[in-house]
Amino acid sequence: MKTKICSHCKIEKTITDFYKDNSKKDGYSYNCKRCQNSNRSRNSKAKHITNKVECLENEIWKEVEGYEGIYQVSSLGRIKRKLESGEMLIKISDAAHGYKRVSLKQDGKLKTCSVHRLVAQAFIPNPNNLQEVNHKDEDKTNNKISNLEWCDRKYNMNYGTGKQRMGLKMRKKVYQY
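Rules and cut-offs
- Residues numbered from 1 in each chain as written.
- Predicted model: local features only at pLDDT ≥ 70, side-chain atom pairs only at ≥ 80, totals over all residues.
- Heavy atoms only, no water.
- Core = buried A, V, L, I, M, F, W, Y, C linked by side-chain atoms within 4.5 Å.
- Buried < 20%, exposed > 50% of the residue type's maximum accessible area, 1.4 Å probe, protein only.
- Helix = DSSP H or I, 4+ residues; strand = E, 2+ residues; numbered from the N terminus.
- Contact = heavy atoms within 4.5 Å.
- Salt bridge = Lys/Arg side-chain N within 4 Å of Asp/Glu carboxyl O.
- Pairing = 2+ DSSP bridges.
- Axes fitted to C-alpha atoms, helices over the stretch in contact; angles between N-to-C directions.

**Notes on the nonpolar core**
Counting 21 residues, the largest nonpolar core has V64, Y71, V73, I79, V102, L104 and L118 as the members making the most contacts within it. Broken down by secondary-structure element, the contributors of at least two residues to this core are β7 (71-74), β11 (100-106), α2 (115-123) and β14 (148-151). Among the elements that line this core, the one with the most residues is α2, at six residues. Not counting chain neighbours up to four residues away, the residues in contact with Y71 comprise E63, V64, I79, K80, R81, I90, S103, L104 and K105. One finds C6, C9, I15 and C32 within the second-largest nonpolar core, a separate group that totals seven residues.

**Brief notes about the pattern of salt bridges**
According to the stated counting rule, one finds six salt bridges in the structure shown. Between E59 and R78 there is a salt bridge, with the nearest N and O atoms lying 2.9 Å from each other. Placement of E59 in the loop between β5 (49-50) and β6 (61-63) and of R78 in the loop between β7 and β8 (79-83) is noted, with a sequence separation of 19 residues between them. One exposure class covers both E59 and R78, and it is buried.

**Some details on the environment of G66**
Relative to the helices and strands, G66 is located in the loop between β6 and β7. Accessibility expressed as a relative area gives 41% for G66, which makes it partly exposed. Linking G66 and Q106, residues 40 residues apart in sequence, is a C-alpha distance of 9.4 Å.

**Topic: the pairing of β7**
Burial of β7 is two-sided: the residues Y71 and V73 facing one way and the residues Q72 and S74 facing the other way are all buried. Sheet topology places β6 next to β7; three bridges connect them, and they run antiparallel. Residue pairing across strands places K62 opposite V73, the latter belonging to β7. One ladder, built from three bridges, connects β7 with β8; its direction is antiparallel. Paired with Q72 across the two strands is K80, which belongs to β8.

**Side note on the sheet that holds strand β10 (residues 93-94)**
Strand pairing in a sheet relies on backbone hydrogen bonds. The paired strands run either parallel or antiparallel. Strand order across the open sheet formed by three strands is β10-β11-β12, with antiparallel pairing between neighbours. The open sheet has two edge strands with one neighbour each: β10 and β12 (109-114). Packing of α2 onto the sheet brings it into contact with β11 and β12, and relative to β12 it is tilted by some 85 degrees.

Here is the structure:
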């Protein structure tokens, strides 16, 4: 019997598990019936569940502090959840001021965490108990460990072009009459 791999769940299934779609090259939809139906029932917000999240080049995974055995954070700033059926990448959303955030759930309680802090807690030693994480290239969306460092508030506020950007933000027009 002819088989095909679902582009959503990445599982090889028989052709009868796919809807017919004459607009596709092989005459069948890309996703299996189960994935398409779950996508519709969740308003296309289906979670991407696979048996194994594919690692990117030089990516290292470590447990998220306080969520051991449930969530892992990567050295490139990705978050995954462990499930009985495999694992899935967690959606990372934009938060105020440009930082990336993720919602983690444990024992029915939902907590929103900054991705850069999760990466720093997992990968960067903090022997001086510094409270803030600095983005070296000043790009708040770049959460790779090579771009992060622990620092104090004063260092973080004075780092790079922060003062100049703040000055531009606070600048007021002066009108002369």
